[in-house]
Amino acid sequence: MAKLTYEDLEGIREKAGKSMALRLGAADTFITVHMGTCGIAAGAREVMKTLLEAISVSGRGGIQVTASGCMGTCATEPNVSVTIAGSQPVVYQQMNAEKIKQVFQAHILEGRVQAEFVLS
Amino acid sequence: MRELSLHILDVVENALTAGADRITVRVEESTATDRLSIWVQDNGKGMPEEKIRHLEDPFVTTRKTRRVGLGLSLLAAAARRCDGDLSVTAQPGRGTTVRADFRRSHIDLAPMGDIAATIGMVLLANPDVDFTYTHRVDEKDLTLNTRELKSELEGRALSDPVVIHHLTVAIRRSLKHLTSGTTNGSSPREDTYGKTDL
């Protein structure tokens, strides 16, 4: 049975391995993508995918990304919660690839909450 | 759902909600029999028989946040639309197996879509779950499991968003090889498993 090849794993180790210990140190930023049926149908997986790519490109460590179920506001999915240590959690609504890129750059990297997307 | 891989993500999320820590996803596609089947097997808390009987009723759900459950009823409808079926077997306390079956060449069959992204998400969000994924297209197949990945990479690697990003790209690339060489009318489109460049 075919497996992911040794080259694949070697490549992953090479690309991600060196700075992994650093990234997996104490996280100060927690991002949750809500992935109930509603979130998935509304595009949560694409939002998560874009987010992972942005984290990869940025080289920023200390970010923990996770998924959770529906939080009850299905009409505003995909919802993404961002908590930076020492600040209140912020819930963003109706995310898509473009908006999550903006949130990542402005809020997570530069500390400016993107009020226009915040769930009110 | 626009992609079968989104249905898979949804069923796996159900399994996790049921407290599973061992989950197997198996996809089998056959040109010869013109079938596409998906199994999601877990060791979660299972379901009482009463619940299974009403599974396809969207107004039956155990959730507390709203009163409509959607996931399995959507998948059942998708399977039925494509000359297929959904079957669920479960034992309380022992786990659940969901099997969805489709006619592979059916015009209404949604594309598999970005199954690599589905797998990546599941791994990242649940690094402690023992997860196996097998995908067969005719005589070629691909398999991965988290125990091996952890021993090949490092125990905590699957909690690292950057590792998951690269892993997703690697899975996507491997899946391309599964379908290469089977380009007849009933084969999935070339972009079926998502774009390799992400």
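Residues numbered from 1 in each chain as written. Chains lettered and ligands numbered in written order. Predicted model: local features only at pLDDT ≥ 70, side-chain atom pairs only at ≥ 80, totals over all residues. Heavy atoms only, no water.

## Observations concerning the side chain of B:D141
Residues and elements named next belong to chain B. Using the following cut-off: Secondary structure elements follow DSSP: runs of H or I no shorter than four residues count as helices, runs of E no shorter than two count as strands, and numbering proceeds from the N terminus. Burial here depends on accessible area, computed with a 1.4 Å probe over protein chains only, as a share of the maximum for the residue type. Under 20% is buried, over 50% is exposed, and the range in between is partly exposed. Polar contact is the term for a pair of N or O atoms within 3.5 Å; when the atoms are in protein, one must be able to donate a hydrogen and the other to accept it, and sequence-neighboring residues count only if both atoms are side-chain atoms.
Relative to the elements of secondary structure, D141 occurs in strand 6 (residues 140–145). A relative accessible area of 9% places D141 in the buried class. Engagement of the side chain of D141 in a polar contact is seen with the side chain of R136, the distance being 2.9 Å.

## Considering the interface of chain B and chain A
Counted only if it meets this: In what follows, a contact means two residues having at least one pair of non-hydrogen atoms within 4.5 Å. The salt bridge definition used is simple: a Lys or Arg side-chain nitrogen within 4 Å of an Asp or Glu carboxyl oxygen. Classification convention: Asp, Glu, Lys, Arg as charged; Ala, Val, Leu, Ile, Met, Phe, Trp, Tyr, Cys, Pro as nonpolar; all other residues, Gly among them, as polar.
At the junction of the two partners, chain B supplies 47 residues and chain A supplies 35 residues. Residues B:E3 and A:R45 are paired through a salt bridge, measuring 2.5 Å at the closest nitrogen-oxygen approach. The tally of links from chain B across to chain A stands at six residue pairs in polar contact (both at pLDDT 80 or more). Among the elements that make up the side of chain B that touches chain A, the one with the highest residue count is helix 6 (residues 161–179) of chain B (12 residues). By residue class, the composition of the side of chain B that touches chain A is 22 nonpolar, 10 polar and 15 charged.

## Concerning the packing of helix 4 (residues 44–58) of chain A against helix 4 (residues 115–125) of chain B
Convention followed: The angle between two axes is taken between their N-to-C directions and runs from 0 to 180 degrees, where each axis is a line fitted to C-alpha atoms and a helix contributes only its stretch in contact. Note on terminology: angles under 35 degrees are roughly parallel, angles over 145 are roughly antiparallel, angles of 65 to 115 are roughly perpendicular, and the others are oblique.
One can describe the packing of helix 4 of chain A onto helix 4 of chain B by two numbers: an axis separation of 10 Å at closest approach and a directional angle of 75°. With respect to their mutual orientation, helix 4 of chain A and helix 4 of chain B come out roughly perpendicular. The residues of helix 4 of chain B that touch helix 4 of chain A, namely those facing A:R45, A:M48, A:K49 and A:L52, are B:A117, B:T118, B:M121 and B:L124. In terms of residue class, the contact of helix 4 of chain A with helix 4 of chain B is made up of five nonpolar, one polar and two charged.

## Structural notes on the confidence of the model for chain B
Reading fine detail from the predicted coordinates is not recommended where pLDDT is low. Residues and elements named next belong to chain B. How we decide: Confidence of the predictor at the level of single residues is given by pLDDT, which spans 0 to 100.
The predicted model of chain B averages 84 in pLDDT, with 83% of residues at 70 or higher. Note on residues 183–188: pLDDT is under 50 here. Beyond four places in sequence and across chains, it has nine contacts. Listed scores for the predicted complex are pTM 0.85 and ipTM 0.85.

## Describing helix 1 (residues 4–17) of chain B
Residue and element names in this part refer to chain B. Applicable threshold: Expected helix span is taken as 1.5 Å per residue step, with the number of steps being one fewer than the number of residues.
For helix 1, spanning 14 residues, the distance from its first C-alpha to its last is 20 Å, which sits close to the expected 20 Å at 1.5 Å a residue. Every buried residue belonging to helix 1 is among L4, S5, L6, H7, I8, L9, D10, V11, V12, E13, A15 and L16, and all of these are buried. At the exit of helix 1 stands G19, carrying a positive phi of roughly 85°.

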